[in-house]
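Examining the three-dimensional arrangement
As a plain string of letters, each chain reads:
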Amino acid sequence: MNPPRDSKTAAQVRERRDPAERFRPLPWFLVMLIGAMAMWSVFYIHDMKGNLDSAYGDSRTPGALMASSGAARASSGAAVDGGQIFAAKCSACHQVSGLGLPGVFPPLVGSEWVLGSDKVLVQIPLHGISGPIQVKGATYNGAMPVFDTLSDTEIAGVLTYVRSQWGNAAPTVPPATVAAGRKATQSRSTPFASGDEIKQAGGS
């Protein structure tokens with residue numbers, strides 16, 4: 001005869017209840033700690049002085065930062081590394097050797113553009129080229145990108161570098177020459193279409 005359905009055997013009586021989830025709030029001290037940190041963060045951000053980049057991470061004013069960085073550069077005598085800029089921006093086309101790629105990218109070694117007028121030369125990185133140009137008796141009909149986002153000092157540095165490497169021997173390019181060339185052609189918004197346009201822009 002079967003036992004009643006609601007009756008329990010001795011084995012069932014020994015079993016514990018299955019665990020169940022219950023509402024367990026965070027400890028009060030942990031809630032207060034999180035609230036205090038949130039309030040401190042709000043007050044810290046509100047108390048920051050100046051429109052600073054988040055990398056600064058302190059309350060120094062922009063004027064103080066500019067003064068300190070300027071003093072550091074003056075004391076260290078730091079200068080633009082034209083070779084580093086060339087490696088990052090130019091070597092992929094003109095190659096580390098400065099020889100370029102025949103029929104594709106013109107050489108810088110012995111180039112009449114590199115060794116000629118610096119006023120003409122600065123126009124090339126400022127506006128780029130999209131059309132034929134004669135270099136050492138060969139015609140190159142490709143495209144050179146614009147590097148006008150580089151500062152006058154950076155452009156002067158990389159041009160000075162190429163004018164003094166691989167046997168090239170030409171005077172340095174002052175940043176003032178780049179600045180003057182930039183101002184003279186500031187209305188131009190398209191790359192040069194030919195070598196003649198570059199010479200004309202450089203006053204040659």
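Since the structure is predicted, the reported quantities are computational estimates derived from the model, not experimental observations.

What to know about the overall build of the protein
From N to C terminus, the protein includes eleven helices and two strands. Each helix (α) and strand (β) of the protein, taken in turn from the N terminus, gives the series α-α-α-α-α-α-α-α-β-β-α-α-α. Taken across its 204 residues, the protein has 26% of its residues classed as buried. A total accessible area of about 14400 Å² is found for the protein, and carbon and sulfur atoms account for 59% of it.

Concerning the pattern of salt bridges
The full count for this structure, using the stated rule, is two salt bridges. Salt-bridge contacts for Arg182 lead to Asp152; the nearest nitrogen and oxygen are separated by 2.8 Å. Of the two residues, Arg182 sits in helix α10 (residues 175-184) while Asp152 sits in helix α9 (residues 152-162), which places them 30 residues apart along the sequence. For Arg182, a relative accessible area of 25% gives the class partly exposed.

Examining the layout of surface pockets
Taken as a whole, the largest pocket holds about 570 Å³ of empty space. Residue lining of the largest pocket: 32 residues in total, with His94, Pro106, Leu108, Ile124 and Met144 positioned closest to the centre. Those elements giving two or more residues to the lining of the largest pocket turn out to be α4 (82-89), α5 (91-94), α6 (112-115), α8 (123-127), β1 (129-135), β2 (138-144) and α9. Split into classes, the residues belonging to the lining of the largest pocket amount to 27 nonpolar, four polar and one charged.

Quick look at the packing of α9 against α10
Between α9 and α10, the shortest axis-to-axis distance is 8 Å and the interhelical angle comes to 115 degrees. The two elements α9 and α10 meet at a crossing, and its hand is right-handed. Seen from α9, the contacting residues are Asp152, Thr153, Ile155 and Ala156; seen from α10, they are Pro175, Val178, Ala179 and Arg182.

Some details on the pairing of β1
Two strands pair when backbone bridges link them, and β1 and β2 are joined in this way by seven bridges, in the antiparallel orientation. Looking at the pairing, Ile129 lines up with Met144 of β2. Where β1 hands over to β2, the hairpin turn is made up of two residues, of which Lys136 adopts a positive phi near 55 degrees.

Looking at the nonpolar core
Among the nonpolar cores identified, the biggest contains 26 residues, and Trp113, Ile133, Leu159, Val178 and Ile198 are the most heavily contacted of them. Broken down by secondary-structure element, the contributors of at least two residues to this core are α4, α6, α7 (118-121), α8, β1 and α9. For this core, the element with the most residues is α9, which contributes five residues. Setting aside chain neighbours within four positions, we find Leu159 in contact with Leu121, Val122, Pro125 and Val173.

Focus on the confidence of the model for the protein
Model confidence for the protein is summarised by a mean pLDDT of 81, while 75% of its residues fall at 70 or above. Here residues 72-78 is modelled with pLDDT under 50, and outside its nearest four sequence neighbours on either side it reaches one contact, counting other chains as well.

Remarks on the environment of Val96
Within the fold, Val96 resides in the loop between α5 and α6. Classification of Val96 as exposed rests on a relative accessible area of 65%. For Val96 and Trp166, which are 70 residues apart along the polypeptide, the C-alpha to C-alpha distance reads 9.8 Å. The residues touching Val96, leaving out its near neighbours within four places in the chain, are Phe86, Ser91 and Trp166.

A closer look at α9
Those residues of α9 lying buried are Ile155, Ala156, Gly157, Val158, Leu159, Thr160 and Val162. Summarising the contacts, the buried residues of α9 are in contact with α4, α6, α7, α8 and α10.

How each quantity is defined
- Residues numbered from 1 in each chain as written.
- Predicted model: local features only at pLDDT ≥ 70, side-chain atom pairs only at ≥ 80, totals over all residues.
- Heavy atoms only, no water.
- Helix = DSSP H or I, 4+ residues; strand = E, 2+ residues; numbered from the N terminus.
- Buried < 20%, exposed > 50% of the residue type's maximum accessible area, 1.4 Å probe, protein only.
- Areas by Shrake-Rupley, 256 points an atom, 1.4 Å probe, with all protein chains shown as cover.
- Salt bridge = Lys/Arg side-chain N within 4 Å of Asp/Glu carboxyl O.
- 1 Å grid on protein atoms, 1.4 Å probe; cavity = no way out; pocket = protein on both sides within 12 Å on 5 of 7 lines; lining within 4 Å.
- Points joined across faces, edges and corners; volume = space filled by probe spheres on them.
- Nonpolar A, V, L, I, M, F, W, Y, C, P; charged D, E, K, R; others polar.
- Axes fitted to C-alpha atoms, helices over the stretch in contact; angles between N-to-C directions.
- Left-handed = near helix turned anticlockwise from the far one by under 90°.
- Contact = heavy atoms within 4.5 Å.
- Pairing = 2+ DSSP bridges.
- Core = buried A, V, L, I, M, F, W, Y, C linked by side-chain atoms within 4.5 Å.
- pLDDT = per-residue confidence, 0-100.

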